[in-house]
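Coordinate analysis (summary)
One letter stands for each residue in the lines below.
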Amino acid sequence: MIFILCSLVFVGCAKQSTEQGTVPVGNKYATGFAINETDSGILVEVFQPYQRLCVKTPMRRLGTMSTVQVGFLYALDAMECLAAVCNPELIYTPVKGDEIDLGDSMKPSAERVLQGNLDILLAVNYGQYDNLEATRLERLGVPIIYINEWQESSPLARAEWIRVLGALIGKLHEADSIFQKVETQYINLKSSISNDQSTKIMSGNNFRGTWYVPSGKNYLAYLFKDAGAAYPFYDNDRETSIPLTVEDCLHYFGDADVWVGAGGNSMAELAQMDEKHTWFKAYQNGRVYNWRKQQLPGGANNFWERGVVHPEEMLEDVIHILNNAPDSMLHFANRLY
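Residues numbered from 1 in each chain as written. Predicted model: local features only at pLDDT ≥ 70, side-chain atom pairs only at ≥ 80, totals over all residues. Heavy atoms only, no water.

1. Examining the sheet that holds strand β13 (residues 258-260)
Strand order in the open sheet formed by four strands is β9-β13-β14-β15, with mixed pairing between adjacent strands. Lying at the two open borders of the sheet, with one neighbouring strand each, are β9 (201-203) and β15 (334-335). As judged from the two bridges shared by strand β14 (residues 288-290) and β15, these two strands associate in the antiparallel manner. Along β15, the bridge assignment pairs N290 with N334. Contacting β9, β13 and β14, helix α13 (residues 311-322) runs over the sheet at an angle of about 155 degrees to β13. (Pairing = 2+ DSSP bridges. Helix = DSSP H or I, 4+ residues; strand = E, 2+ residues; numbered from the N terminus. Contact = heavy atoms within 4.5 Å. Axes fitted to C-alpha atoms, helices over the stretch in contact; angles between N-to-C directions.)

The following block contains the structure:
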């Protein structure tokens, strides 16, 4: 059996937050955390294995192991709270420049984490290795909280994690306001399309003989469905991506009208990566896109920062792609030539 414990973060900034109104009870979409108001303050529960943590807020010195959290802080106009980062070369959002470099996100430097004198480290739980690393840091006295928006199935659920960041830095109501605007725009976009599912979409790439495509519980599948695309795996409830052989992929997607999330930067590069890429109708019709329109030469990609915070812009991209709109109308997607 897997025993799931919860991380308890007691928010000591209740006076700041509750003066602006009552904290909304329950999430609309996210399942990985809960925020509630108590007599002593605002209680944030993040459901994670083997973690129980009590801290006080508002926090002013945050370290992060994921660029996604930079996107959340930027949306909250709280970049001054960012004191330390992993892989700074992968951050797209402009930062102050004096942040401590914690090293690689898979194994941050414990010495640099301690040097940062952080109020808390925003970690990401990808597996057993990360749990062991977190345990080592916690033994050194570093408060850690996991921000696992990536485990959520839908785009709006992922975006709703901005509430956790808002609670930690004393901007919960600002976070709620941002999310409510995002949700409204997303729902309005979803309601504006015909949803006839006449345009078929495909995703992913052939990697060493295996083609991984989104399951029905993946946020990309939610995007495709909300945009009105035809996609054969909406009913597949697998937790992880679906591995296909190239032959299977041709069976399911050989006639797909568009291809989103391709790995190359050009059609020639995609063909050079694997000749089989050229066998698909979407390639032959020139309707192939990656998510690199806002990517810097070093690999920093705003798709993983602003894109998570603003899924309504991601949805708008897919809608435009399905309707073969001009490239200038796209936020994160980029047509390959």
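Let's pick the thread back up.
2. A few points about helix α9 (residues 246-253)
What sets the pattern is the α-helix's 3.6 residues per turn: residues three or four places apart point alike. Burial in α9 covers these residues: V246, C249 and F253. Mapping the buried residues of α9 onto a view down its axis gives an arc of 55 degrees, with all of them on the same face. Away from its buried face, by an angle of more than 90 degrees, α9 presents the exposed residues E247 and H251. Packed against the buried residues of α9 are β9, β10 (206-207), β11 (210-213) and β12 (242-244). (Buried < 20%, exposed > 50% of the residue type's maximum accessible area, 1.4 Å probe, protein only. Arc of directions from axis to C-beta.)

3. Some thoughts on the pattern of salt bridges
Tallied over the entire structure, the rule returns 10 salt bridges. The shortest N-O distance in the salt bridge between K28 and E183 comes to 3.2 Å. With K28 in the loop between α1 (14-18) and β2 (33-38) and E183 in helix α7 (residues 172-192), this residue pair connects regions lying 155 residues apart in the sequence. When the shortest N-O distance is used, the salt bridge between E239 and K217 registers 3.0 Å. Placement of E239 in the loop between α8 (219-227) and β12 and of K217 in the loop between β11 and α8 is noted, with a sequence separation of 22 residues between them. (Salt bridge = Lys/Arg side-chain N within 4 Å of Asp/Glu carboxyl O.)

4. Focus on the pairing of β11
Residue alternation in β11 divides its side chains into a buried set, W211 and V213, and an unburied set, T210 and Y212. Two strands pair when backbone bridges link them, and β10 and β11 are joined in this way by two bridges, in the antiparallel orientation. Opposite N206, over in β11, you have W211 as the bridge partner. Count of turn residues in the β10/β11 antiparallel hairpin: two residues, of which R208 carries a positive phi of about 55 degrees. In the sheet, β11 pairs with β12 via three bridges, with the strands oriented antiparallel. Residue pairing for β12: W211 is matched across the bridge by L244.

5. Here's the deal with unusual backbone geometry
With the exception of glycine, the majority of residues adopt a negative phi angle, and the majority of peptide bonds are in the trans configuration. Although it is not a glycine, N87 adopts a positive phi angle of roughly 45 degrees. With respect to the element layout, N87 can be found in the loop between β5 (82-85) and β6 (100-101). In this structure N87 comes out as buried when scored by relative accessible area, which is 13%. With a phi angle near 55 degrees, R208 is a residue other than glycine that sits in the positive phi range.

6. Details of the sheet that holds strand β8 (residues 144-146)
Pairing within the open sheet is parallel, and its five strands lie in the order β6-β5-β4-β7-β8. The open sheet has two free edges, formed respectively by β6 and β8, since each of these has just one partner strand. Strand direction decides the pairing type here: strand β7 (residues 120-123) and β8, joined by three bridges, are parallel. Following the sheet pairing, L122 is matched in β8 by I145. Sheet contacts for helix α2 (residues 67-75): β4 (62-64), β5 and β7; angle to β4, the most-contacted strand, approximately 140 degrees.

7. A short note on the pairing of β5
Two strands pair when backbone bridges link them, and β4 and β5 are joined in this way by three bridges, in the parallel orientation. Of the residues in β5, the one forming a bridge with T64 is V85. In the classification by handedness, the crossover that spans β4, the intervening α2 and the parallel β5 is right-handed. (Right-handed = clockwise from strand over helix to strand, strands pointing away.)

8. Concerning the nonpolar core
Counting residues in hydrophobic clusters, the biggest one holds 85 residues, and the most contacted among them are L62, V164, I201, Y231, F253 and W259. Considering every element that reaches this core, the biggest residue donor is α7, with seven residues. Those residues in contact with Y231 that lie beyond four places of it in its chain are I201, V213, P214, A221, F224 and F253. Core analysis: the second largest hydrophobic core is formed by 15 residues, A110, L118, L121 and Y146 among them. (Core = buried A, V, L, I, M, F, W, Y, C linked by side-chain atoms within 4.5 Å.)

9. Here's the deal with the confidence of the model for the protein chain
In the predicted model, the protein chain carries a mean pLDDT of 88, and the fraction of residues at 70 or more is 87%. Note that residues 1-6 has pLDDT below 50 and, in this model, 13 contacts with residues that lie over four places away or in other chains. Within the model, pLDDT remains below 50 along residues 12-20, and this stretch shows 17 contacts once partners closer than five positions in the same chain are excluded. (pLDDT = per-residue confidence, 0-100.)

10. Looking at the side chain of T199
Mapped onto the secondary structure, T199 falls in the loop between α7 and β9. On the basis of relative accessible area, T199 is assigned to the buried category, the value being 17%. The contact partners of T199, leaving out residues within four places of it in the chain, are A229, A230, D257 and L322.

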